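# Structural features, examined
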Amino acid sequence: MTDEQRRLARAQLPAGLRPETLAVRTALAPSQHGENSEALFLTSGFVQPDAQTSAERFASSEDFTYARTSNPTVRSFEARLAAMEGTEAAVATATGMSAILLLIMGLLKAGDHVVCSRSVFGSTLNLFAKEFGKFGVETSFVSQTDLAEWRAAIKPNTRLFFAETPTNPLTEICDIRALADLAHGAGALLVVDNSFCSPALQRPAELGADLVMHSGTKYLDGQGRVMAGALCGPERLIKDVFGPVIRTAGMTLAPFNAWVVLKGLETLALRMKAHSENALAVAQWLERQPAVARVFYPALASHPQHELAMRQQGGQGGAVVAFELRGDTPEAARAAAFHLIDSTRVLSVATNLGDTKSIITHPATTSHGRLSEAQRQAAGIGQGLIRLAVGLEHVDDISDDLLRGLSTLKHSK
C-alpha cells in the first residue's frame with residue numbers, strides 16, 4: 001500500500017460511531033502533509049493539470065474548480081454536520097436566512113403553497129410573508145402547537161411545512177413526528193429549523209423531518225465569531241436540487257467561516273450540556289422572582305410542552321430562556337424590560353445568540369421589531385418579554401446581574 005492509499009484509508013471512519021466522535025473526526029482526508037487539524041483552504045480557484053481534466057471537473061460537482069461551487073474546507077463542514085444530523089448530505093450557505101432562500105428557490109415555484117408556524121424567527125416570517133410572496137409563493141401561518149391548524153391549512157398545492165423548534169423566543173415546541181406524518185400525507189415535505197437545539201440535543205431527521213435547516217451563526221459556531229447556514233437532508237435534494245441553485249446564485253459559505261464552524265462542532269455536545277444546565281438554573285431562579293410574570297423554558301415542568309420537549313431534545317432544554325415582566329400596560333411592561341436590560345453589567349445587550357457569553361435582548365424592538373403589532377401579538381411577543389440566551393459564565397453571576405434590574409424595578413420610570 002502506498003502512502004497515498006494509507007492516507008485515504010485512514011480517512012474512512014468505521015460504521016457505528018457515536019455523534020460525539022463524528023463531531024471530532026468527520027472530514028475530508030488530510031492532505032499529503034498529514035495535518036491533524038483540518039486545513040483551511042483560502043483560495044478562490046483551483047489549478048487544473050490540463051485542459052481535458054479541467055473540462056471534466058467543471059462538468060462534475062464532485063471536484064474542486066472554483067470556490068463558489070466547491071471548497072475542501074466547506075465540504076468538510078458539510079460532511080461533519082450531515083454526520084451529526086444523521087442525514088445523507090448537507091449544503092453550506094452564507095447565513096441561516098440564505099439557507100431558507102436556497103430552500104425555497106430549489107423546491108418551490110409560483111403557485112405553490114407553504115404552511116409555516118407563526119412563531120418562527122421574525123426575519124423568517126418576513127421572508128415567507130413578504131419576499132416569497134412577490135414571486136407567487138403563498139404562505140399560511142398557523143399555531144406552532146395546534147396540529148389541527150396545520151391540517152386545516154393544507155391546500156392541494158401545499159408543497160412544504162416549515163417549523164422551528166423550540167421557537168424564538170417563546171420556546172414553543174412542535175411535535176416533529178406528528179408534523180412529518182401530516183406533511184407526508186399531504187404530499188409535502190417537512191423542514192425543521194434546528195438552530196436552537198443543534199444536533200447535540202435534537203435530530204429532526206430521525207423523527208421524520210425531510211430537511212433540517214441551520215443558522216450556524218449560533219450554536220454550531222458557539223462563540224459569536226462568524227455567520228453560516230446549512231441545509232441537511234437526502235442526497236437527491238442536497239446535490240441534485242440545491243446544488244445547481246447554489247452554484248448559480250452563490251449563497252456560498254466562505255472557507256474561513258466554514259473552518260471556524262467546523263472546529264466549533266468539535267465542542268458542540270459539551271457546550272450544549274453546559275448551556276442547558278446553566279439555563280435551567282437561571283429559569284428556575286426567575287420563576288421565584290416577584291417581578292416576573294412567566295418564564296418560558298422547555299426543561300421547566302411548567303412549560304406546556306415539557307414532556308414532548310424532553311423526548312425530542314434528549315432530556316435537555318437548550319440555552320434560550322424567555323421571561324415576561326409584570327406591567328399594567330404595554331408601555332409599563334416595556335419600561336420595565338428596558339430598565340432590567342439597562343441595569344445589567346455582565347450580560348451582553350445584543351440580538352444574536354449561541355455565544356459563550358450570555359446575551360439579553362428585547363424581542364419586540366429587535367428580532368421582531370419589523371413585524372406589525374398584529375403579527376407580534378399573534379406570535380405572543382409582548383412589550384414586557386425578554387429573551388436571555390444563557391452562556392457559560394458562572395450561573396450565580398448571571399442571576400446576580402439580572403437581580404440588579406429586578407430588585408430595583410419599583411424605582412424605574
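In the block above lies the structure referred to throughout.
This one's a predicted model, so the numbers in the text were calculated from it and none came from an experiment.

### With respect to the sheet that holds strand 9 (residues 320-325)
What the five strands build is an open sheet, ordered 8-9-12-11-10; its pairing is mixed. Since the sheet does not close on itself, it has two edges, and those belong to strand 8 (292-296) and strand 10 (348-349), each with one partner. Pairing geometry for strand 8 and strand 9, over four bridges, is antiparallel. Bridge pairing links Val295 to Phe323 in strand 9.

### Describing the pattern of salt bridges
If you walk through the whole model with that rule in mind, you get 14 salt bridges. Taking the shortest distance from any N to any O, the salt bridge between Arg80 and Glu266 comes out at 3.2 Å. With Arg80 in helix 4 (residues 72-85) and Glu266 in the loop between helix 10 (255-264) and helix 11 (268-287), this pair connects stretches of sequence that are 186 residues apart. On the accessibility criterion, Glu266 (26% relative accessible area) is partly exposed. Ionic pairing is found between Arg159 and Asp112, a salt bridge with its closest N-O pair at 3.7 Å. With Arg159 in strand 4 (residues 158-164) and Asp112 in the loop between helix 5 (96-107) and strand 2 (113-117), this residue pair connects regions lying 47 residues apart in the sequence.

### Some words on the packing of aromatic side chains
Within the structure shown, the criterion is met by five aromatic pairs. Look at Phe128 and Phe132: their rings are 5.3 Å apart centre to centre, the planes differ by 85°, and that puts the pair in the edge-to-face class. Here Phe132 falls in the buried class, since its relative accessible area comes to 5%. Where Phe256 meets Trp259, the ring centres are 6.4 Å apart and the plane angle is 35°; that geometry is what we call tilted. Taken as a pair, Phe256 and Trp259 lie in helix 10 at a separation of three residues, close to a single helical turn. Put simply, the rings of Phe128, Phe132 and Phe162 pair up and form one aromatic cluster. Above the face of the Phe121 ring, Lys218 is positioned so that its terminal group lies 5.9 Å from the ring centre.

Cut-off values and rules
Residues numbered from 1 in each chain as written. Predicted model: local features only at pLDDT ≥ 70, side-chain atom pairs only at ≥ 80, totals over all residues. Heavy atoms only, no water. Pairing = 2+ DSSP bridges. Helix = DSSP H or I, 4+ residues; strand = E, 2+ residues; numbered from the N terminus. Salt bridge = Lys/Arg side-chain N within 4 Å of Asp/Glu carboxyl O. Buried < 20%, exposed > 50% of the residue type's maximum accessible area, 1.4 Å probe, protein only. Phe/Tyr/Trp six-rings, centres within 6.5 Å; stacked < 30°, edge-to-face > 60°. Lys NZ or Arg CZ within 6 Å of the ring centre and 35° of its normal.

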